[in-house]
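An overview of the molecular structure
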Amino acid sequence: MLLGLQHVAVVVSSLVVPMLVARAAGAPAGVVEAMIAWTLIAGAFGTLLQALRRGPVGSGWLLPTFCSGTYLPASLAAAQAGGLPLVWGMTLAAGAIELALSRVLHRLRAFLPPALSGLTVLLIAIEIG
């Protein structure tokens, strides 16, 4: 029960990300509400896919999908430059690249030491901060 509450807290607190992006694009209140609703639906679908264990899809673990602040600065810049269509296009492109890299990431581990991964996480945290 406590783990479920923790998952809900993480997911709900991350809903500020789509709200900030929609507001940066100048979207009306109805669009912001719809975007948050669709974010929750997509997150539920992503969580179900992650919980599956069929072939290359899913890990078999119940891992909640939530909005990460990793793409927030780029999404805010895209929302101001080209509105929500540009944000959606960039998100789809980033997802396709991540999907392609996930198939070959194990071969790249020799070139990605833990120090580099830690530095990447630190720089993302500094940028978001």
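Figured I'd write up the structure that's included with this text.

Side note on the overall build of the chain
Secondary structure summary: the chain contains six helices and zero strands in total. Walking the chain from its N terminus toward its C terminus, one meets helices and strands in the order α-α-α-α-α-α. Seen through its principal axes, the chain has C-alpha atoms that stretch 45 × 35 × 25 Å. In the chain, which comprises 129 residues, the share counted as buried stands at 16%. Intrachain contacts of the chain at a sequence separation of at least 6 include 53% that bridge at least 24 residues.

Section: the side chain of Ser75
You can see Ser75 is positioned in helix H4 (residues 72-102). Discounting chain neighbours no more than four positions away, the residues touching Ser75 are Val21 and Val87.

Side note on the packing of helix H2 (residues 16-24) against H4
The contact between H2 and H4 brings their axes to 8 Å, and the two run at 50°. Considering the angle they form, H2 stands oblique to H4. For the pair H2 and H4, the sense of crossing is right-handed. The residues of H4 that touch H2, namely those facing Val17, Leu20, Val21, Ala22 and Ala24, are Leu72, Ser75, Leu76, Ala79, Gln80, Leu84 and Val87. Looking at the contact of H2 with H4 residue by residue, the classes come out as 10 nonpolar, two polar and no charged.

Remarks on H4
Between its first and last C-alpha atoms H4 spans 22 Å; for 31 residues at 1.5 Å apiece the expected length is 45 Å, and the helix comes up short by more than 12%. In H4, a bend of some 135° at Gly82 exceeds every other bend along the element, and Pro85, a proline, comes one to four places later. Tucked into the core, H4 has its buried residues touching H2 and helix H3 (29-51).

Examining the nonpolar core
In this structure, Val17, Val21, Ala22, Val32, Met35, Leu72, Ala78, Ala79, Leu84 and Val87 together form the largest nonpolar core, which totals 10 residues. Those residues in contact with Val17 that sit more than four places away from it in its chain are Cys67, Ser68 and Leu72.

A look at the environment of Tyr71
With respect to the secondary-structure elements, Tyr71 resides in the loop between H3 and H4. Residues Tyr71 and Ala94, spaced 23 residues apart in sequence, show a C-alpha to C-alpha distance of 9.5 Å. Discounting chain neighbours no more than four positions away, the residues touching Tyr71 are Ala94 and Glu98.

Conventions adopted
Numbers given for residues are sequential positions, taken from 1 along each chain in its written order. Reporting in this predicted model follows two pLDDT cut-offs: at least 70 for local features of residues, and 80 or more for side-chain atom pairs to be given and counted; totals over whole chains, interfaces and linings ignore these cut-offs and use all residues. Only hydrogens and water are set aside when side-chain values are computed; all heavy atoms of the structure are taken into account. Secondary structure elements are taken from DSSP: a helix is a run of H or I of four residues or more, a strand is a run of E of two residues or more, and numbering for both begins at the N terminus. Remark: exposure states derive from per-residue accessible area (1.4 Å probe, protein chains only) relative to the maximum for the residue type, with buried under 20%, exposed over 50%, and partly exposed in between. Here, residues are in contact when the closest pair of their heavy atoms is within 4.5 Å. Lines fitted to C-alpha atoms define the axes, with helix axes restricted to the stretch in contact, and inter-axis angles between N-to-C directions lie between 0 and 180 degrees. An angle counts as roughly parallel when it lies under 35 degrees, as roughly antiparallel when it exceeds 145, as roughly perpendicular when it falls between 65 and 115, and as oblique in every other case. For any pair of crossing helices, the crossing counts as left-handed if the nearer helix is rotated counterclockwise from the farther one by less than a right angle, and right-handed if it is rotated clockwise. Asp, Glu, Lys and Arg are counted as charged, while Ala, Val, Leu, Ile, Met, Phe, Trp, Tyr, Cys and Pro are counted as nonpolar; the rest, among them Gly, fall into the polar class. A helix's residues, less one, multiplied by 1.5 Å, set its expected span. Two axes enter the bend calculation: one fitted to the seven residues ending at the residue in question, the other to the seven starting there, and the bend is the angle between them. Think of a nonpolar core as a cluster: buried Ala, Val, Leu, Ile, Met, Phe, Trp, Tyr and Cys residues, connected wherever their side-chain atoms sit within 4.5 Å.

Nothing here speaks to function; it is all geometry.
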